[in-house]
Amino acid sequence: QVQLVESGGGMVQAGGSLRLSCAASGRTFSNYGMAWFRQAPGKERESVARISRSGGNTYYADSVKGRFTISRDNAKNMVFLQMNSLKPEDTAVYYCAATGRLTYTGPYDYWGQGTQVTVSS
C-alpha cells in the first residue's frame, strides 16, 4: 500500500503559477511510477503528467506540454507538478497517483484525495 497526500492547490489568476506537491508513504517510493491526473466538473479524469521510477522519463498531455513540469525526489518520497502560464481551462481537482507496474503508463493503483486548482480569467 502507498498513501499519497497532495498539497499546494489554490486560486490563481490566468498566467500565474502554482506548484503542487505529493507526499508518499508506506512502501519504497522509488518502486513506483508516479503521475498527476485532473478532473474538471462534468469531465472525465485525465492524465496530465507522468514520471518513471527513476525520474528519467516523463510524459505530458498535449494540453500542458511546455507549461507544466513533473519531477520527483526519491530521497524525500515526493513528487511535484510545477504549473506555469496557467489558463482557466486548467481549473480542476488535481490528483497524485502511483503505479507499481514496470511501465509508468499505468494503470494507476493508488490515489491521493485531490487538491483544487482554480484559475480565474
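Report on the accompanying structure. (Residues numbered from 1 in each chain as written. Predicted model: local features only at pLDDT ≥ 70, side-chain atom pairs only at ≥ 80, totals over all residues. Heavy atoms only, no water.)

1. A look at the environment of Lys65
Mapped onto the elements of the fold, Lys65 is located in the loop between strand 6 (58-60) and strand 7 (68-73). C-alpha separation for the pair Lys65 and Glu44, spaced 21 residues apart in sequence, amounts to 19 Å. A polar side-chain atom of Lys65 sits 3.1 Å from a polar atom in the side chain of Asp62. (Helix = DSSP H or I, 4+ residues; strand = E, 2+ residues; numbered from the N terminus. Polar contact = N/O pair within 3.5 Å; in protein donor to acceptor, adjacent residues only side chain to side chain.)

2. Points about the pairing of strand 5 (residues 46-51)
Across the 6 residues of strand 5, 5 count as buried, placing the element largely inside the fold. Two elements, strand 4 (residues 33-39) and strand 5, share 5 bridges in a ladder whose sense is antiparallel. Directly across from Arg38, in strand 5, lies its bridge partner Glu46. Hairpin connection, strand 4 to strand 5: the antiparallel pair is bridged by 6 residues, and Gly42 has positive phi, about 75°. Pairing between strand 5 and strand 6: 3 bridges, direction antiparallel. Paired with Ile51 across the two strands is Thr58, which belongs to strand 6. A loop of 6 residues connects strand 5 with strand 6, the two strands running antiparallel in sequence, and Gly55 in this loop sits at a positive phi of about 90°. (Buried < 20%, exposed > 50% of the residue type's maximum accessible area, 1.4 Å probe, protein only. Pairing = 2+ DSSP bridges.)

3. As for the pattern of salt bridges
Inspection of every chain in the model, using the stated rule, returns 5 salt bridges. Across the salt bridge formed by Glu46 and Arg38, the nearest N and O atoms sit 2.7 Å from each other. Since its relative accessible area comes to 34%, Glu46 is described here as partly exposed. In this structure, Arg67 engages Asp90 in a salt bridge whose closest nitrogen and oxygen atoms are separated by 2.7 Å. One end of the pair, Arg67, is in the loop between strand 6 and strand 7; the other, Asp90, is in the loop between strand 8 (78-83) and strand 9 (92-99), and 23 residues separate them in sequence. Each member of the pair, Arg67 together with Asp90, is buried. Bridged by salt links that share partners, the residues Arg38, Glu46, Arg67 and Asp90 form one connected network. (Salt bridge = Lys/Arg side-chain N within 4 Å of Asp/Glu carboxyl O.)

Note that all results are geometric; they support no functional claim without further evidence.
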